[in-house]
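Listed here are the chains, written in short residue letters.
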Amino acid sequence: MRIFVFTLLVLLGAPSAGAQTVPDFGPEAAPPSAEDFSPLPEDLPEEGGQVVVEDTDPDEEKSRLDELFTDLAEVDTPKSAERIAREIQLIWMASGSDTVDVLMSRAGKAIQAEDHGLALDLLDAVVILKPSYAEGWNRRATVHYMREDFGKSLVDIERTLALEPRHWGALSGLAIIQRRLGFETEALTTFRRALEVNPGLENAAKAVETLEKDAEGAPA
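Cut-off values and rules
Residues numbered from 1 in each chain as written. Predicted model: local features only at pLDDT ≥ 70, side-chain atom pairs only at ≥ 80, totals over all residues. Heavy atoms only, no water. Salt bridge = Lys/Arg side-chain N within 4 Å of Asp/Glu carboxyl O. Helix = DSSP H or I, 4+ residues; strand = E, 2+ residues; numbered from the N terminus. Buried < 20%, exposed > 50% of the residue type's maximum accessible area, 1.4 Å probe, protein only. Phe/Tyr/Trp six-rings, centres within 6.5 Å; stacked < 30°, edge-to-face > 60°. Polar contact = N/O pair within 3.5 Å; in protein donor to acceptor, adjacent residues only side chain to side chain. Contact = heavy atoms within 4.5 Å.

Now for the pattern of salt bridges. If you walk through the whole model with that rule in mind, you get 11 salt bridges. Linking Glu87 and Arg64 is a salt bridge whose minimum nitrogen-to-oxygen distance equals 2.7 Å. Of this pair, Glu87 sits in helix α3 (residues 78–93) while Arg64 is found in helix α2 (residues 58–74), placing the two residues 23 residues apart along the sequence. By relative accessible area, which is 32% here, Arg64 ends up partly exposed. Across the pair Asp156 and Arg140 runs a salt bridge whose closest N-O atoms are separated by 2.7 Å. Here Asp156, found in helix α7 (residues 150–163), pairs with Arg140, found in helix α6 (residues 134–146); they are 16 residues apart in sequence, far enough to count as distant. Look at the salt bridges and you will find they share partners, linking Lys62, Asp66, Glu164 and Arg166 into a network.

On to the packing of aromatic side chains, then. The description of an aromatic ring pair uses the distance of the two centres, along with the angle that the planes make with each other. Under the definition given, this model contains four aromatic pairs. Where Phe69 meets Trp92, the ring centres are 6.1 Å apart and the plane angle is 45°; that geometry is what we call tilted. Here Phe69, found in helix α2, pairs with Trp92, found in helix α3; they are 23 residues apart in sequence, far enough to count as distant. The two residues Phe69 and Trp92 agree in class, both being buried. When the ring of Tyr145 is compared with that of Phe150, the centres are 5.6 Å apart and the planes differ by 20°; the resulting orientation is stacked. Across this residue pair, the class does not change: Tyr145 and Phe150 are buried. Here a set of aromatic residues connected by ring pairs shows up, and it is made of Phe69, Trp92 and Trp168.

Turning to the side chain of Ser97, a few remarks are in order. Locating Ser97 in the fold gives a position in the loop between α3 and α4 (98–112). At 3.1 Å, the side chain of Ser97 and the backbone nitrogen of Val100 are in polar contact.

By the element assignment, Leu123 lies in helix α5 (residues 116–129). A residue is classified by how much of its surface remains accessible, and Leu123, at 0% relative accessible area, is buried. For the pair Leu123 and Arg140, spaced 17 residues apart in sequence, the C-alpha to C-alpha distance is 5.9 Å. Residues in contact with Leu123, not counting those within four places in the same chain, are Met104, Ala107, Gly136, Arg139, Arg140 and Val143.

Remember, this is a structural readout, not a statement about activity or role.
Structure, rendered in structure tokens:
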């Protein structure tokens, strides 16, 4: 995956360059949306301001996540899958820092208000304060994507997946970019990976169905 992301970055140009022009893939190419990646965080307390040490034991947190992902892969009802997925997201959102929590909350509100510049400023601070916090990188990837700056989005997606390879939001985001840039075979593989992690992703399932049909109809 790292090699493929690097290849995409080469095709897009240096990440520091301006926003990339979206290729014209016809009327079926949906415009960028925050919902394409993963749900925005719920409002977090606006209090605090002090960076604190994480209270949770990293080993215990990893063990709990492993258990939840095992349950998610084997769940047999949409309601149960939604509950487990939400618990995983809550663990992902737990930064262990009052300051980061406040910045994430304000960034979420800025995204909803379509103030992408402010959201980026806030998320830049998040990843500086807490570089091991995968969700900060994922949120910044979302904003870059919404600005159609795919190069920078890919960089942050790669960082997210390096920290949490099972992050289905980042996997879906990568697949969406691959698909929008015309790499349909790679997008299909990535969407399938996202579904292995979280079988309840309806948009990913629909994308897989469409891409599989397209592949079957493609000339040999």
